[in-house]
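What the coordinates show
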Protein chains: 2
Amino acid sequence: MSGNIVWHSHPVNSRDRAAQKSQAPLVIWFTGLSASGKSTIAGALEQILTQQGYHTYLLDGDNVRHGLCGDLGFGDADRSENIRRVGEVAKLMTDAGLITLAAFISPFEQDRKIVRDILPEGQFVEVFVDATLAVCRERDPKQLYAKADRGEIKCFTGIDSPYEAPRNPEVRIDAGRLSVAEAVNQLLAYLHASGALKAGYQPLTIAS
Amino acid sequence: MSGNIVWHSHPVNSRDRAAQKSQAPLVIWFTGLSASGKSTIAGALEQILTQQGYHTYLLDGDNVRHGLCGDLGFGDADRSENIRRVGEVAKLMTDAGLITLAAFISPFEQDRKIVRDILPEGQFVEVFVDATLAVCRERDPKQLYAKADRGEIKCFTGIDSPYEAPRNPEVRIDAGRLSVAEAVNQLLAYLHASGALKAGYQPLTIAS
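Below is a short write-up of the structure. Predicted, not measured: the structure shown is a model, and the values here were computed from it.

**Some details on the overall build of chain A**
- A tally of helices and strands in chain A yields eight helices and six strands.
- Shown N-terminal to C-terminal, the secondary structure of chain A runs as helices and strands in the order α-β-α-β-α-α-β-α-β-α-α-β-α-β.
- By the compact-globule yardstick of 17 Å for 208 residues, chain A fits well, its C-alpha radius of gyration being 18 Å.
- Its C-alpha atoms give chain A principal-axis dimensions of about 55 × 50 × 30 Å.
- Each of the 208 residues in chain A was classed as buried or not, and the buried ones make up 50%.
- In chain A, once contacts between residues fewer than 6 apart in sequence are set aside, the share between residues at least 24 apart is 73%.

What follows is the structure, encoded as structure tokens:
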């Protein structure tokens, strides 16, 4: 399709933008069932990173499904196209020098692999927010499982659409057992140990 | 780094991200014929803004066409969808607190209006990079006009696809007459006068 395209080398590049922010760009990709805790954990992690001076952005269904992917539904092909576009946006965000968090059910392994593969080596951290279907059903904060059970929502992941669990995620969070603060601490520990964040940090304590 | 880290359970929002960067988010949208100078001027402006401490990103037609919009062609409907997606990404970039430059032919007034309308009031600066078809044809750095004349490219703006010039752009650059540095200075003057940038700046001087 895209013929006659010439890649421009612009004066300000990815390296410049990241250096200005004193950080290494990264995509932290949260995958898991609906109500597993992806957005909550990602939001809490973003808050801590921002407090520590990192420049971040959080991509999730709320800011994408209404706009960029507003033309897409929830069938398999549209789910894949949704994740492809979000992956490309995450790539642009890292090109902008940002640490980008993305919280999407992203049920298909192949789609997550596509996102991993378009990013530079080491810039994709897959976080499997692992809660059982039973736990997610019981939480059901938006009553989506209840609606799916009544047949009011079709193609609902875990009910009538499959979830392919990551086999080798960088981080697996035991989301049925850990609190949000504990999950964030697990992530901070991983990100520091892997060299993605600067050395020296305080674990999170809960204000309540 | 910071001492006691406390999770306050409220999400990081657009205002927080912009405040961290000490700037007001903005989309600076460059429209004009192929070879009018959009990307060159946008790249030069980005360099100056970055040198002055602003956090920026440059969305470029050629770069986006390889990824996010790699499935789209150059017919009218695909051109519109291309601009719609880029507009949504620009909106996400401003949500991330960035000053976002976008350089796209974006030939249709309706498509540019859609981008303007999805952004908060005052966050869209339309820059018409105005060079005549004759000037662009003579420059033809990628030999695209030559190919279009030979019928090797279809739907080429200005040849067999229309360009609808902005009627009320925030800035009109006389790109057949001004140098890149002069164009950048015109833009800096506008951005400072409009309050989009902090007061106090040095106009650009040409290195060579």
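**Re the nonpolar core**
- Within the largest apolar cluster, 42 residues are counted, with the highest numbers of intra-cluster contacts made by W29(A), L59(A), W29(B) and L59(B).
- Of all the elements in the fold, those that place two or more residues in this core are β1 (26-31), β2 (56-60) and α4 (76-95) of chain A together with β2 (26-31), β3 (56-60) and α4 (76-95) of chain B.
- For L59(A), the residues in contact, after removing those within four places along its chain, are V64(A), V86(A), V89(A), A90(A), T100(A), L101(A), A102(A), A103(A), F104(A) and L92(B).
- If you look at the next biggest cluster of nonpolar residues, it comprises 39 residues, including A42(B), L45(B), V127(B) and A196(B).

**Some thoughts on helix α2 (residues 38-51) of chain B**
Residues and elements named next belong to chain B.
- For α2, built from 14 residues, the straight-helix expectation of 20 Å at 1.5 Å per residue is met to within 8% by its first-to-last C-alpha distance of 20 Å.
- With eleven of 14 residues buried, α2 lies mostly within the body of the structure.
- Along α2, the residues classified as buried are K38, S39, I41, A42, G43, A44, L45, E46, I48, L49 and T50.
- Residue G53 follows α2 closely and has a positive phi angle near 95°.

**A short note on unusual backbone geometry**
All names here are of chain B.
- Of note, the phi angle at A35 is positive, near 75°, even though the residue is not glycine.
- Note on placement: A35 falls in the loop between β2 and α2.
- Backbone geometry places Q143, a non-glycine residue, at a positive phi of 60°.
- On the secondary structure map, Q143 appears in the loop between α6 (133-139) and α7 (144-149).
- Q143 gets classed as partly exposed once you look at its relative accessible area, which sits at 45%.

**Focus on the packing of α2(B) against helix α8 (residues 180-193) of chain B**
All names here are of chain B.
- Running from amino to carboxyl end, α2 crosses α8 at an angle of 60°, the nearest separation of the two axes being 9 Å. Looking at the two axes, α2 sits oblique to α8. Helix-helix and strand crossings are classified by hand; for α2 and α8 the assignment is right-handed. Residue-level inspection shows T40, I41, A44, L45, I48 and L49 of α2 in contact with α8, the latter providing V180, A183, V184, L187, L188 and L191.
- Classifying every residue of the contact of α2 with α8 by side-chain character gives eleven nonpolar, one polar and no charged.

**A short note on the packing of α4(A) against α4(B)**
- Packing of α4(A) against α4(B) brings their axes to within 11 Å, and their N-to-C directions diverge by 55°. As far as their axial angle goes, α4(B) and α4(A) are oblique. Remark: the crossing between α4(A) and α4(B) carries right-handed chirality. On the side of α4(A), the interface is formed by E81(A), R84(A), R85(A), V89(A), L92(A) and M93(A), while α4(B) contributes E81(B), R84(B), R85(B), V89(B), L92(B) and M93(B).
- Residues of the contact of α4(A) with α4(B), tallied by class, amount to six nonpolar, no polar and six charged.

Parameters and conventions
Residues numbered from 1 in each chain as written. Chains lettered and ligands numbered in written order. Predicted model: local features only at pLDDT ≥ 70, side-chain atom pairs only at ≥ 80, totals over all residues. Heavy atoms only, no water. Helix = DSSP H or I, 4+ residues; strand = E, 2+ residues; numbered from the N terminus. Rg over C-alpha atoms; globule rule 2.2 N^0.38 Å. Buried < 20%, exposed > 50% of the residue type's maximum accessible area, 1.4 Å probe, protein only. Contact = heavy atoms within 4.5 Å. Core = buried A, V, L, I, M, F, W, Y, C linked by side-chain atoms within 4.5 Å. Expected span 1.5 Å × (residues − 1). Axes fitted to C-alpha atoms, helices over the stretch in contact; angles between N-to-C directions. Parallel < 35°, antiparallel > 145°, perpendicular 65-115°, else oblique. Left-handed = near helix turned anticlockwise from the far one by under 90°. Nonpolar A, V, L, I, M, F, W, Y, C, P; charged D, E, K, R; others polar.

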